[in-house]
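Chain by chain, the residues:
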Amino acid sequence: GQSLEQPSEVTAVEGAIVQINCTYQTSGFYGLSWYQQHDGGAPTFLSYNALDGLEETGRFSSFLSRSDSYGYLLLQELQMKDSASYFCAGSLTLDSSYKLIFGSGTRLLVRP
Amino acid sequence: DVKVTQSSRYLVKRTGEKVFLECVQDMDHENMFWYRQDPGLGLRLIYFSYDVKMKEKGDIPEGYSVSREKKERFSLILESTSTNQTSMYLCASSPIDREGYEQYFGPGTRLTVT
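Residues numbered from 1 in each chain as written. Chains lettered and ligands numbered in written order. Predicted model: local features only at pLDDT ≥ 70, side-chain atom pairs only at ≥ 80, totals over all residues. Heavy atoms only, no water.

Turning our attention to the pattern of salt bridges. Residues and elements named next belong to chain B. The tally for this structure, following the rule as stated, stands at 11 salt bridges over all chains. Among the salt bridges present, the one from Glu30 reaches Lys71, with a minimum N-O distance of 3.8 Å. Of this pair, Glu30 sits in the loop between β3 (19-25) and β4 (31-38) while Lys71 sits in the loop between β7 (65-70) and β8 (73-78), and the two are 41 residues apart along the sequence. On the basis of relative accessibility, which here comes to 24%, the residue Glu30 falls in the partly exposed class. (Salt bridge = Lys/Arg side-chain N within 4 Å of Asp/Glu carboxyl O. Helix = DSSP H or I, 4+ residues; strand = E, 2+ residues; numbered from the N terminus. Buried < 20%, exposed > 50% of the residue type's maximum accessible area, 1.4 Å probe, protein only.)

Encoded structure:
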């Protein structure tokens, strides 16, 4: 079946760096996305990797390795407001349509 | 800014009732999606639509149907609710050139079926 695995919870200290890993088993895979969701809020798009390597967007970076079916989200200079759930999502093609398959989410707790 | 709105934030229904969840987006996006979100399961795709009057089944379509009569509006219909449909329902939209990865989500409807 199609699945993405990520840790359920990660804790880190304000100002530190944290990495959230995601491994996937999907067919028709062509890219990996990351979404952030604060408690009670809607998921918001953070980043997308279509190619292997690192994509940087401010304090956030995302990495993809297709050969290892693996990616990660790197958050630097952690702030309290980064406490949220983070979802990796695999982009899949199905005939002529496209869809996302989400992981179960990683809850990040940033401590002072 | 893209705005996706959903008709209700909270709904409480009795088993067997019919429920309409409506979603409206204001950015002229071609693609629209309905998900449900449950603790520990992430977001699961129920149905999606890539054009008016078009619909595709997602991963868990059983017990649901959809309607897309206008480009900006995508409705999720629960014909006869059951307790296992208690969940958070999220609508999303996506432009055609980023349909496979960048989706804009509404605030969600928390449905409780008793």
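If you walk through the whole model with that rule in mind, you get two disulfides over all chains. A disulfide bridge connects Cys22 of chain A with Cys88 of chain A, and the sulfur atoms are separated by 2.1 Å. Between Cys22 of chain A and Cys88 of chain A, the S-S dihedral sits near 75 degrees, and the bridge is therefore right-handed. Placement of Cys22 of chain A in strand β3 (residues 18-25) and of Cys88 of chain A in strand β9 (residues 84-94) is noted, with a sequence separation of 66 residues between them. Look at Cys88 of chain A and you get buried, because its relative accessible area is 0%. Sulfur-sulfur distance for the disulfide between Cys23 of chain B and Cys91 of chain B comes to 1.9 Å. Looking along the S-S bond of the Cys23 of chain B-Cys91 of chain B disulfide, the torsion reads about -75 degrees, which is the left-handed sense. Of this pair, Cys23 of chain B sits in strand β3 while Cys91 of chain B sits in strand β9 (residues 87-94); the two residues are 68 residues apart in sequence, bridging distant segments of the chain. (Disulfide = S-S within 2.5 Å.)

Here we come to the sheet that holds β3 of chain A. Residue and element names in this part refer to chain A. In space, the five strands of this open sheet follow the order β1-β3-β8-β7-β6, with antiparallel pairing throughout. Each edge of the sheet is formed by a strand with only one pairing partner; in this case those strands are β1 (3-5) and β6 (53-57). Strand after strand, the sheet turns through a mean of 20 degrees between neighbouring axes, direction not considered. In the sheet, strand β7 (residues 60-65) pairs with strand β8 (residues 70-75) via six bridges, with the strands oriented antiparallel. For Phe60, the partnering residue across the bridge sits in β8 and is Leu75. (Pairing = 2+ DSSP bridges. Axes fitted to C-alpha atoms, helices over the stretch in contact; angles between N-to-C directions.)

As a further point, take the pairing of β6 of chain A. Inspection of the sheet shows β6 of chain A paired to β7 of chain A by five bridges, in the antiparallel sense. Each residue of the ladder has a partner; that of Glu55 of chain A, found in β7 of chain A, is Ser62 of chain A.

All names here are of chain B. Note that Ile77 resides in strand β8. A residue is classified by how much of its surface remains accessible, and Ile77, at 10% relative accessible area, is buried. Linking Ile77 and Ser65, residues 12 residues apart in sequence, is a C-alpha distance of 5.1 Å. Setting aside anything within four residues of it in sequence, one finds Ile77 in contact with Lys18, Val19, Phe20, Gly63, Tyr64, Ser65, Val66 and Ser67. (Contact = heavy atoms within 4.5 Å.)

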